[in-house]
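The lines below spell out each chain.
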Amino acid sequence: MTSVGLLSTRVSPTSLAMRVIELIREEKLDEGAHLSEQWVADSLRVSRTPARKALSHLADIGLVEQLPRRGFHLKMSAADLAKVAFSTDSGDEEQLYFRIVDDHLGGRFTGEFTTTDLARRYGLTTRQANLVLTRMESEDLIRRRRGRGWEFSRTLTTAEAHDQSYRFRLIVEPAALLEPGYTIDPDAFALHRKQQESMLHGNIVFLSRTELFRYGSEFHEMIVDCAHNAYLSDAVRRVNRLRRLIEYNHQADRARLVTQATEHLHLLDLLEAGNNEQAAQFLRHHLDTVREKKTGIKR
């Protein structure tokens, strides 16, 4: 492994488990369906040993059950599994929030609007409309217009703009690790290590799009904060606010997030060991790889 390369070419059980979930959904399997190790191995082109580990991981987090001498069986239908795996669908307010977000990203809801317009469009009470508007305003997705009504804030909604945000981060974030005043925060590192490890232990399946974005963005903000340079910290927070909406659409690929969490943990290891030069190289490669995967734009 090079200092800036991917950590491993082996597929982890968690990553493979995410692919099994995708396979179950594609096949529209019913509750109780038998998930044989050979079927998983053949479908995902792996040997039976990693297939068994992936199914055991899904059993550990309660999505399948392992019956004596009968193997692994699905504990819920593919449709119900989708609701669990993408928990943004839980809760009326969360459903509404992402319906508006998806409509805006799809070009179906743009321009200026009032609270009444929002309530009428989505069949809401004034209280419901105000609740979701308060959340969207707190996340800088909308802003009040002078006089009356609301408008969407300037955000990144195209692949080209998304690419530019990553190119900006490629300049700023690795440089922050090389600042002369860089000092790790042990408490912050411990908190974020726990969050990233929780994702590898099953939380990738259960976290909502909002939480997944928060885990990632706050991780990167934290490592930049350790440079103790207010301008660098402010720059990273500003770009995170701008990219929030478009990033929500990338949380569906949960297998990718396994690699991302693994690399985040490796970055913490490098910084804790005082290897900031190597960490900066690794972070640059990490960001550029994610940039290309999300935008489809090669250098």
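About the cut-offs
- Residues numbered from 1 in each chain as written.
- Predicted model: local features only at pLDDT ≥ 70, side-chain atom pairs only at ≥ 80, totals over all residues.
- Heavy atoms only, no water.
- Salt bridge = Lys/Arg side-chain N within 4 Å of Asp/Glu carboxyl O.
- Helix = DSSP H or I, 4+ residues; strand = E, 2+ residues; numbered from the N terminus.
- Buried < 20%, exposed > 50% of the residue type's maximum accessible area, 1.4 Å probe, protein only.
- Pairing = 2+ DSSP bridges.
- Contact = heavy atoms within 4.5 Å.
- Axes fitted to C-alpha atoms, helices over the stretch in contact; angles between N-to-C directions.
- Parallel < 35°, antiparallel > 145°, perpendicular 65-115°, else oblique.
- Nonpolar A, V, L, I, M, F, W, Y, C, P; charged D, E, K, R; others polar.

Q: Please clarify how the pattern of salt bridges should be interpreted in this entry.
A: Oppositely charged side chains can pair when the atoms bearing their charge come close. Inspection of every chain in the model, using the stated rule, returns 20 salt bridges. Its salt-bridge partner being E272, residue R193 comes within 2.8 Å of it at the nearest N-O pair. Residue R193 is located in helix α9 (residues 186–206), and its partner E272 is located in helix α12 (residues 254–272); the two are separated by 79 residues in the primary sequence. With a closest N to O distance of 2.7 Å, D234 and R238 form a salt bridge. Highlighted residues: D234 and R238, both in helix α11 (residues 230–248), separated by four residues, approximately one helical turn. Judged by its relative accessible area of 35%, D234 is partly exposed. Taken together, the shared-partner salt bridges connect D163, R167, D288 and R291 into one network.

Q: Would you mind showing me how to read unusual backbone geometry here?
A: As a rule of thumb, non-glycine residues mostly have phi less than zero, and peptide bonds are mostly trans rather than cis. Non-glycine residue K28 carries a positive phi angle of around 50°. Relative to the helices and strands, K28 resides in the loop between α1 (13–27) and β1 (34–35). Unusually for a residue other than glycine, H228 sits at a positive phi of about 55°. A relative accessible area of 59% means that H228 is categorised as exposed.

Q: Looking at this model, I keep getting lost on the sheet that holds strand β4 (residues 112–113). Mind explaining?
A: Hydrogen bonding along the main chain pairs the strands of a sheet, whether they run parallel or antiparallel. In space, the three strands of this open sheet follow the order β4-β6-β5, with antiparallel pairing throughout. A single partner strand is all that each edge strand has here, and the edge strands are β4 and β5 (142–144). Note: β4 against strand β6 (residues 150–152), two bridges, orientation antiparallel. Within the sheet, the bridge partner assigned to E112 lies in β6 and is E151. Set on the sheet, helix α7 (residues 126–138) makes contact with β4, β5 and β6; between it and β5 the angle comes to about 105°.

Q: Hey, could you run me through the packing of helix α8 (residues 159–176) against helix α13 (residues 276–295) in this one?
A: The packing of two helices is summarised by the inter-axis angle and the distance between the axes. Two elements in contact, α8 and α13, have axes whose closest approach is 9 Å; the angle formed by their N-to-C orientations is 175°. Comparing the axis directions of α8 and α13 gives the class roughly antiparallel. In contact with A159, H162, D163, Y166, R167, R169, L170, E173 and P174 of α8, α13 contributes A280, L283, R284, L287, D288, V290, R291, K294 and T295. Tallied by class, residues from the contact of α8 with α13 come to eight nonpolar, two polar and eight charged.

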